[in-house]
Amino acid sequence: MKPTLLLLFLTSSICLGQNRIGSISDISNKYQLIRELLDTNALRQYHTDYSCEETSEKGSLTFYYNGNELKHIVHSYEKGHVKYRDEFYVWDDQLFFQYAIHNIWYKDYERNKYGKRKIVNVTLTLEERFYFKDNRIIKCQFKDFENRSNAPKRIRTNNIRNKNIGCNEASKALEKFDILLKYQETNIEDACNLPRSITNADMDNMIYKSANGN
């Protein structure tokens with residue numbers, strides 16, 4: 001590569017890196033501001049509970065407004081041994097950050113030092129974070145950890161580092177956001193059509209991998 005072309009390439013890469021860092025910092029500042037408003041109960045709420053008879057699922061959907069401007073959406077729902085929580089952070093009517101947490105409860109078996117099998121309660125936690133700028137994904141992160149009833153110390157999310165991952169699932173976060181927007185200050189007539197974060201097949205696969213130590 002010629003020196004001039006190499007210099008242009010390096011300059012462009014540095015600028016892109018700086019722009020990305022600046023965008024992440026801007027997202028962090030907006031997130032902190034919205035969290036402060038939430039923690040001080042400064043936002044107007046529109047809350048609705050629902051149930052889906054087809055799947056025996058129950059959940060809630062809450063929109064938070066600063067005046068008439070939407071700032072935050074929380075969609076929580078439970079089905080059997082799985083609990084989900086999707087959070088959407090909004091600025092100027094655009095999604096800039098989405099956070100999802102899924103807790104899955106199941107039972108496992110372990111042998112004690114005498115060889116006797118013992119039932120262990122397990123909570124598998126999955127977390128996703130998607131960062132957006134102008135409806136374009138700029139960063140995606142994932143973490144997973146489990147807590148077992150026989151463990152001496154409980155693991156918390158702050159103890160686990162985020163892993164940067166591919167952003168193939170980011171478009172789904174935008175799709176869910178667009179669908180949920182339609183339910184602002186309206187009754188949920190068909191809760192079974194609300195978007196979900198993870199499929200039953202995905203859940204079964206995660207539980208199988210965790211139980212088998214993979």
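The following refers to the structure shown. This structure is a prediction, so every number in the text was calculated from the model and none was measured.

A closer look at the overall build of the protein
Step number 1: Assigned secondary structure in the protein consists of three helices and eight strands.
Step number 2: Listed by position from the N terminus, the elements making up the protein come as α-β-β-β-β-β-β-β-β-α-α.
Step number 3: Out of the 214 residues in the protein, the part that is buried amounts to 36%.
Step number 4: Long-range pairs, those at least 24 residues apart, make up 46% of the contacts in the protein with a sequence separation of at least 6.
Step number 5: With the model as given, the accessible surface of the protein reaches about 13,700 Å², and the carbon-plus-sulfur share is 48%.

Things to note about the environment of Asp26
Step number 1: Within the secondary structure layout, Asp26 lies in helix α1 (residues 3-39).
Step number 2: Taking C-alpha positions, Asp26 is 9.5 Å from Lys133, a pair spaced 107 residues apart along the chain.

Quick look at the state of the cysteines
Working definition: the covalent bond between the sulfur atoms of two cysteines is a disulfide.
Step number 1: According to the stated counting rule, one finds one disulfide in the structure shown.
Step number 2: With its sulfur 2.1 Å from that of its partner, Cys140 forms a disulfide with Cys167. With the S-S bond torsion at 125°, the cross-link from Cys140 to Cys167 turns out right-handed. Taken as a pair, Cys140 in strand β7 (residues 136-148) and Cys167 in the loop between β8 (163-164) and α2 (170-181) lie far apart in primary sequence, 27 residues in all.
Step number 3: Residue classification places Cys140 among the buried positions, given a relative accessible area of 2%.

Here is what the cut-offs are and how they apply
Residues numbered from 1 in each chain as written. Predicted model: local features only at pLDDT ≥ 70, side-chain atom pairs only at ≥ 80, totals over all residues. Heavy atoms only, no water. Helix = DSSP H or I, 4+ residues; strand = E, 2+ residues; numbered from the N terminus. Buried < 20%, exposed > 50% of the residue type's maximum accessible area, 1.4 Å probe, protein only. Contact = heavy atoms within 4.5 Å. Areas by Shrake-Rupley, 256 points an atom, 1.4 Å probe, with all protein chains shown as cover. Disulfide = S-S within 2.5 Å.

Geometric values such as these leave the question of function open.
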